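# Descriptive structure summary
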Amino acid sequence: MPVADLLARHADAWRRATRHPFIDAVRDGTLPPAAFDTWLVQDAHFVADLLRFQARLLARAPRPAQAVLAGGCVALVGELDWFARIADARGLDLDAPQLPVTIAYGDLLYRLDAADVGTALTALWTVERTYLDAWSAALPGAGPYRAFVEHWTAPGFASYVAGLETAADHAAVDQAAPGDDAVFLEVVAAETAFWGMALDDGALS
Ligand code: MP5
């Protein structure tokens, strides 16, 4: 089964993750800056965890998946530099502790080290595809958030996600990946909780 079929098979869960109130508030400009800042700091932690996960996945990836995974690792290092610049400009402390949702998502990435490569690639594609579709739903983004929306909807990001889809589909042909539905739903739930975290943190009140 092509991994893209998972989107229609689990349409409700997919909608919850990609049409979240956080994204609506970015699009219409009603998201308070404090909620966005909370989310930014937690996302910087997540990207650091994602880089570690992806580097471990690269080490065991089949030959055809190596280029897209290696390119993604380089992009994540660049993304961490970008977070540092943004934090500087906004006066944010990137060493602030991880919130429970961030810790739980990081734990999920660690658990994926024990999954077969096909399942781990499906999970990584789900992480990035959820993110791309959610930010695309925020386009063009209201004033203060427009540059961020543009950052996460750049054409290069869409082609990266397409490359991950190909890698996940090929790995699934090489070896059956029976855990695809389960891992897709787990990642989508983690993404939904991640958007909610900044709103639940009291920053909206
Ligand atoms: C991504 C992210 C995608 N930064 N945060 C969450 C919660 N999910 C996915 O990361 P990137 O930086 O586009 O690889």
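Residues numbered from 1 in each chain as written. Predicted model: local features only at pLDDT ≥ 70, side-chain atom pairs only at ≥ 80, totals over all residues. Heavy atoms only, no water.

Next up on the list: the site of the ligand. Near the ligand the following residues occur: Asp43, Phe46, Val47, Leu50, Leu76, Glu79, Val127, Glu128, Tyr131, Phe157, Glu191 and Phe194. Here Glu128 contributes a side-chain N or O atom positioned 2.5 Å from an oxygen atom of the ligand. The side chain of Tyr131 places a nitrogen or oxygen atom 3.3 Å from a nitrogen atom of the ligand. Coverage of the ligand by the protein chains reaches 96% of its 360 Å² of free accessible surface. Among the cavities detected, the one that contains the ligand is the largest pocket. Where the shell around the ligand is concerned, the elements lending two or more residues are helix 4 (33–60), helix 5 (66–90), helix 7 (117–137) and helix 10 (180–203). At four residues, helix 4 tops the list of elements feeding residues into the shell around the ligand. Residues that form the shell around the ligand fall into these classes: eight nonpolar, no polar and four charged. (Near = heavy atom within 4 Å. Polar contact = N/O pair within 3.5 Å; in protein donor to acceptor, adjacent residues only side chain to side chain. Areas by Shrake-Rupley, 256 points an atom, 1.4 Å probe, with all protein chains shown as cover. 1 Å grid on protein atoms, 1.4 Å probe; cavity = no way out; pocket = protein on both sides within 12 Å on 5 of 7 lines; lining within 4 Å. Sits in = over half its atoms within 2 Å of the grid points. Helix = DSSP H or I, 4+ residues; strand = E, 2+ residues; numbered from the N terminus. Nonpolar A, V, L, I, M, F, W, Y, C, P; charged D, E, K, R; others polar.)

With that settled, the discussion passes to the pattern of salt bridges. Think of it this way: side chains of opposite charge can pair up when their charged atoms draw near. For the coordinates displayed, the defined rule picks out eight salt bridges. In this structure, the salt-bridge partner of Arg52 is Asp49, at a minimum N-O distance of 3.0 Å. One end of the pair, Arg52, and the other, Asp49, are both in helix 4, three residues apart, so they sit about a helical turn from each other. Residue classification places Arg52 among the partly exposed residues on the basis of a relative accessible area of 43%. By relative accessible area, Asp49 is classed as buried at 12%. The salt bridge involving Asp113 is made with Arg56; its shortest N-O contact spans 2.6 Å. Here Arg56 lies in helix 4 and Asp113 lies in the loop between helix 6 (100–111) and helix 7, a separation of 57 residues in the sequence. For Arg56, a relative accessible area of 25% corresponds to the partly exposed category. (Salt bridge = Lys/Arg side-chain N within 4 Å of Asp/Glu carboxyl O. Buried < 20%, exposed > 50% of the residue type's maximum accessible area, 1.4 Å probe, protein only.)

With that settled, the discussion passes to the nonpolar core. Within soluble globular proteins, side chains that are nonpolar tend to cluster in buried spots. Judged by nonpolar contacts, the single largest core of 73 residues is most densely connected at Phe22, Trp39 and Trp135. The residues contacting Trp39, other than those within four sequence positions of it, are Phe22, Tyr131, Trp135, Trp152, Phe194, Trp195 and Ala198. (Core = buried A, V, L, I, M, F, W, Y, C linked by side-chain atoms within 4.5 Å. Contact = heavy atoms within 4.5 Å.)

In this numbering, the UniProt entry assigns the feature "active site" (unreviewed entry) to Glu191. With respect to the helices, strands and loops of the structure, Glu191 is situated in helix 10. Taking the relative accessible area as the measure of exposure, Glu191 reaches 4% and is therefore buried. Residue contacts for Glu191: discarding those within four places in its chain leaves Ala17, Tyr105, Val127, Thr130 and Tyr131. (UniProt positions renumbered as here; feature names shortened; annotations may be inferred.)

Let us look at the layout of surface pockets. Approximately 370 Å³ is the volume attributed to the largest pocket. Around the largest pocket, the lining is made up of 20 residues, and of these Leu76, Glu79, Glu128, Trp152 and Phe157 lie nearest the centre. Counting residues per element, the ones that place at least two in the lining of the largest pocket are helix 4, helix 5, helix 7, helix 9 (155–174) and helix 10. Considering each element in turn, the lining of the largest pocket owes the most residues, five residues, to helix 4. Residue composition of the lining of the largest pocket, grouped by class: 14 nonpolar, two polar and four charged. (Points joined across faces, edges and corners; volume = space filled by probe spheres on them.)

Further remarks concern helix 4. Here helix 4 contains 28 residues, and its C-alpha end-to-end distance of 40 Å stays within 8% of the 40 Å for a straight helix at 1.5 Å per residue. Here helix 4 lies mainly inside the structure; 20 of its 28 residues are buried. (Expected span 1.5 Å × (residues − 1).)

For the rest of this paragraph, the subject is the packing of aromatic side chains. Under the definition given, this model contains 22 aromatic pairs. A centroid spacing of 6.0 Å and a plane angle of 75° characterise the contact between Trp82 and Phe148, whose relative ring orientation is edge-to-face. In this pair, Trp82 is assigned in helix 5 and Phe148 in helix 8 (residues 146–151), connecting sequence segments 66 residues apart. A relative accessible area of 13% places Trp82 in the buried class. With relative accessibility at 8%, the residue Phe148 sits in the buried group. (Phe/Tyr/Trp six-rings, centres within 6.5 Å; stacked < 30°, edge-to-face > 60°.)

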